[in-house]
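Inside the fold
Listed here are the chains, written in short residue letters.
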Amino acid sequence: MFIKKSFIFACLTVIFFQPLFAQVTRKQAEENPLSTIIYLLSTTDKDSKEDQKVCLAKSLANVGRFNQMEDVANMVEKESYVDEHFVVLVNDLISKGKTKEAAKFLAFLIVKFESDEDKLQMTLRPLVRLGKDNEALQIVSKFDDSDKIDGSFELANVYLELGRNEKALSVIESFKRLVEQSKYDEEKAELGLIYAKLGKESEALRFLQESLKNLKWKTGKPEYDEARIIDKVVEIYRVLGKNDQANQLLAKQGLAEEPRNLIQIGENYLSKGDSVKANQLFESVLSKLNPNEYSDVFDLQRLIEIHLKLGEIEKAEQLTKSLTSSNYTQQGLLLKIADFYIKQKNTAKALEILNFALRKTNKIDISEAESGQLSTSNKWDQARYQSQIAIRFIDMHLDKRALELISQLKKPYLRALILTEFVSLNKKRIPRQKLNSYLEQALSFLRQKKIDIFDSKRFDVYAIVARKFAEIGLKEESTVVFAETLSELDKKVIENGSDSGLLYAMCNIGIEFENSKIKTSKKLKESLRNIISNWENDLY
C-alpha cells in the first residue's frame, strides 16, 4: 500500500433501489437531469455503464458540482479501463484554473489507484502541474525498478514541457544508474533523448551509443523493437542538430528522402533560427508532392500549417487552394486562413477565402442516398462545412449572408444549431423579439418527424435551444422546451434507442439546463419522473 489513507463510503438506501454511492434520493433526482443520471447509474453494477459514468463525472465538473465526482468515480470498479479518463478530467480541471477541485479529486484517485503502479504513474503529470513535486517523487520512489524508470521519464518530460529544466535534470540524474544497469536498450535511448533536450550533448551521445551496442540491424527495415530504438536515436541526433548522422540512419532504411523526414529536418532548422535552410528544404519537399494525390495530403497539410505559424499567409493560401484530394483537409485549412484574415480585420480577403470554400462545398455530390455510415454521408459533410462558413459570416456581422447559408443546410439539426449560434453572437445587436423568432425557427427543425441519419445529436441541440431562450430572458419558454426535450428523448429511446444513448443525451441536456440557471418546472419534473419510472421498469 503506497498511500496510507482511509475512506468512508456512504451507502444510501432509497425507495425501490439501494444505490451504491450516489447521495441523491429519488425525490432529489426529479430536480434536474444530472441528479436523475446519478440516481439511475447508482442502480447499476460497478462493471457496467462505465463510459456513461465518466460522461456524468465530466458533466458534473462542467457545471461546478465537483463534490459529486467522487461519488460517481466510486460507481466504477477498481482497475477499470476508464480510470485514465478520470485522470484526464483532473488535467482538464487544472487547465481551466480549477486547481483546488483538481487537487481534491486527484487525491481521491491516488487512494483509489494505491495498488496499481500503472494507474499511479498517470497521476504524476497532474501532480507536477499542481506543484506537488514531493508527492510525485514519493509515488515514484515506491515503484519497482522498471516502473521507477518509466515514472522518472514521465516526471522529467513533464518538467521539460513546463520549462523546468533544472528539475528535469535533477530527476534523471537521480535514476541514471538504474538506466545504466537496465537490460532494455530503449530506456537508454529515451534517457539520451532527455539529455539532448536539456542540451547535455556528451551525456546524450553516451546513452545513444549504449542503446546501439546490441543492435543487430544493419540496413533495410528493422524489427519492431529495434526500429523503436533507431527512431529515438534519429530524434536525438536531430535535437542536437546532427542532421547528417540522422540522415545516415534514415538512408539505411530507405527513408532519408521521405517528405515527412525532410519536413522534420526543416522544422529543426527553424528551431535553431535558420529559416533560409528550412525554406530551401521545404521548397524541395514541395516539388515532390502532388496535391491531387491523397497520400501526399498529410505532408502538404504539415507544410501549410508551418507557413501559417510563420505568418506566411500567401504561401499557405496558395497551397491550400491547390489541394483537391481531400475536402476535409482543405476545408479545415481554408477556415484557418479565413480566421487569420478575420483577426487581421482584412474583411475583403476573409470573404474571398470563405466564398472560395463555399464554392467548393457546392461541388460536393450529395445525390447518393445516405447509407447509415457517417464516413459516407456527403450530405452531412457538406452541411458541416457550410455551417462553419456560416459561423464566420455571423462573426463578421454579415447577417444576410449567414442566414441565407443557414437556410440552405441540408441537415435540419445543424440548421437549428447554427441558428442558436446566430442568437448567441447577436444578443447585444438584435432585439429579443427578433431573436425569439430564430429560436422558434430552430425548434421547428427539431420537431420535424422525418429523422435523417446522424441526427442523434438532436437532443443536444434541443437543450441548447432551451438554454438560449433563458439567455435572452425568456425563462418560462426555456423550461417548456427543456421538458419537451426530455419527453421526446424518452419516447425515442423507448421506440428505437438504447439506455446508453439516453444517458449520454441527458449528460448534455443536464449541462445546458444547469447553465441556464432556471428553476425546475412542474412539467420538467414530470418528464424526469417518467424517465426514472421507465428505467425502473426496464422499458429502455
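Model, not experiment: these values are computed from the prediction. (Residues numbered from 1 in each chain as written. Predicted model: local features only at pLDDT ≥ 70, side-chain atom pairs only at ≥ 80, totals over all residues. Heavy atoms only, no water.)

1. Observations regarding the overall build of the protein
Operational definition: Helical segments are the DSSP runs of H or I of at least four residues, strand segments are the runs of E of at least two, and each set is numbered from the N terminus. Buried, partly exposed and exposed residues are distinguished by accessible area as a fraction of the type maximum, computed with a 1.4 Å probe on protein chains only: under 20%, between the cut-offs, and over 50%, respectively. Residue contacts are defined here by distance: any two heavy atoms, one from each residue, within 4.5 Å place the two residues in contact.
For the protein, the count of helices and strands is 29 helices and zero strands. Across its three principal directions, the C-alpha atoms of the protein cover 75 × 65 × 40 Å. When the 540 residues of the protein are sorted by exposure, 51% land in the buried category. By sequence separation, contacts in the protein at least 24 residues apart represent 62% of the contacts at least 6 residues apart.

2. Details of the pattern of salt bridges
A side chain of one charge can pair with a side chain of the opposite charge when the charged atoms of the two come close. Definition in use: Basic side-chain nitrogens of Lys or Arg form a salt bridge, by our definition, when they fall within 4 Å of a carboxyl oxygen of Asp or Glu.
All chains considered together, the criterion is met by 43 salt bridges. Between Glu317 and Lys321 there is a salt bridge whose closest N-O contact spans 3.1 Å. Placement of both Glu317 and Lys321 in helix H19 (residues 313–322) is noted, with a separation of four residues, approximately one turn of the helix. Assessed through its relative accessible area of 26%, Lys321 is described here as partly exposed.

3. What about the side chain of Lys119?
Tracing the chain through its elements places Lys119 in helix H7 (residues 117–122). What makes Lys119 buried here is its relative accessible area of 13%. With sequence-adjacent residues up to four places away left out, Lys119 is seen in contact with Glu79, Ser80, Asp83 and Phe113.

4. Overview of the packing of aromatic side chains
Two numbers describe a pair of aromatic rings. These are the distance of the centres and the angle of the planes. The condition that has to hold: For Phe, Tyr and Trp, where Trp contributes only its six-membered ring, two rings pair if their centres lie within 6.5 Å, and the inter-plane angle classes them as stacked under 30 degrees, edge-to-face over 60, or tilted in between. Geometrically, a charge over a ring is one whose NZ (Lys) or CZ (Arg) sits within 6 Å of the ring centre while staying within 35 degrees of the ring normal.
Counting across every chain of the model gives nine aromatic pairs. Taken together, a centroid distance of 5.5 Å and an interplanar angle of 80° make the contact between Phe153 and Phe175 edge-to-face. Pair noted here: Phe153 is in helix H10 (residues 145–161) and Phe175 is in helix H11 (residues 165–181), with a separation of 22 residues, a long-range link. Overall, the relative accessible area of 8% leaves Phe153 in the buried class. Classification of Phe175 by relative accessible area gives buried; the value is 3%. Here the aromatic residues Phe86, Phe105 and Phe108 are joined through ring pairs into a cluster of three or more. Lys119 extends its terminal NZ or CZ atom over the ring of Phe113, reaching a point 5.9 Å from the ring centre. The residue whose ring lies beneath Lys321 is Phe356, and the NZ or CZ to ring-centre distance is 5.3 Å.

5. Here's the deal with the environment of Lys58
The topology assignment puts Lys58 in helix H3 (residues 50–62). The exposure class assigned to Lys58 is partly exposed, which follows from its relative accessible area of 37%. The spacing of Lys58 and His85 is 27 residues in sequence and 9.3 Å in space, taken between C-alpha atoms. Aside from chain neighbours lying at most four places away, what touches Lys58 is His85 and Leu89.

6. Considering H10
Because each turn of an α-helix spans 3.6 residues, side chains separated by three or four positions end up pointing in the same direction. Heads up, the rule is: Under the convention used throughout, the expected extent of a helix is 1.5 Å for every residue step, that is, one less than its residue count.
Here H10 contains 17 residues, and its C-alpha end-to-end distance of 24 Å stays within 8% of the 24 Å for a straight helix at 1.5 Å per residue. Where H10 is concerned, the buried positions are Asp147, Ile149, Gly151, Ser152, Phe153, Leu155, Ala156, Asn157, Val158, Tyr159 and Leu160. Buried residues in H10 make contact with H7, helix H8 (124–129), helix H9 (133–141), H11 and helix H12 (185–197). Downstream of H10 by a residue or two, Gly163 has a phi angle that is positive, lying close to 75°.

7. Here's the deal with the side chain of Asn261
For Asn261, the position within the fold is in helix H16 (residues 259–271). For Asn261, the contacting residues outside a window of four places in its chain are Arg238, Leu250 and Leu255.

8. Regarding the packing of helix H24 (residues 412–425) against helix H26 (residues 458–471)
Rules: For helices, the fitted axis covers only the stretch in contact; all axes are lines through C-alpha atoms, and the angles between them, taken along N-to-C directions, range from 0 to 180 degrees. When an angle is under 35 degrees it counts as roughly parallel; over 145 it counts as roughly antiparallel; between 65 and 115 it counts as roughly perpendicular; any other value is oblique. A clockwise turn of the near helix away from the far one marks a right-handed crossing, whereas an anticlockwise turn of less than a right angle marks a left-handed crossing. We call Asp, Glu, Lys and Arg charged. Ala, Val, Leu, Ile, Met, Phe, Trp, Tyr, Cys and Pro are nonpolar, and the rest, Gly among them, are polar.
Contact pair H24 / H26: the axes reach a minimum separation of 10 Å and the direction vectors enclose 25°. Judged by the angle between their axes, H24 and H26 are roughly parallel. The hand of the H24/H26 crossing is left-handed. Here H24 contributes Tyr413, Ala416, Leu417, Thr420 and Ser424 to the contact with H26, which in turn contributes Arg458, Val461, Ile464, Val465, Lys468 and Glu471. Class assignment of the residues belonging to the contact of H24 with H26 gives a composition of six nonpolar, two polar and three charged.

9. Some thoughts on unusual backbone geometry
One non-glycine residue with positive phi stands out, namely His397, at about 60°. For His397, a relative accessible area of 44% gives the class partly exposed. Phi at Asp538 takes a positive value of approximately 55°, unusual for a residue other than glycine. Of note, Asp538 is situated in the segment after helix H29 (522–536).

10. Quick notes on the packing of helix H20 (residues 327–343) against helix H21 (residues 347–362)
H21 packs onto H20 with a crossing angle of 160° between their chain directions and a minimal axis gap of 8 Å. Relative to H21, the element H20 lies roughly antiparallel. Judged by the sense of rotation from one axis to the other, the crossing of H20 with H21 is left-handed. Here Gln330, Gln331, Leu334, Leu335, Ile337, Ala338, Tyr341 and Ile342 of H20 come into contact with H21, specifically with Lys349, Ala350, Ile353, Leu354, Phe356, Ala357, Lys360 and Thr361. Of the residues contributing to the contact of H20 with H21, the split by class is 11 nonpolar, three polar and two charged.

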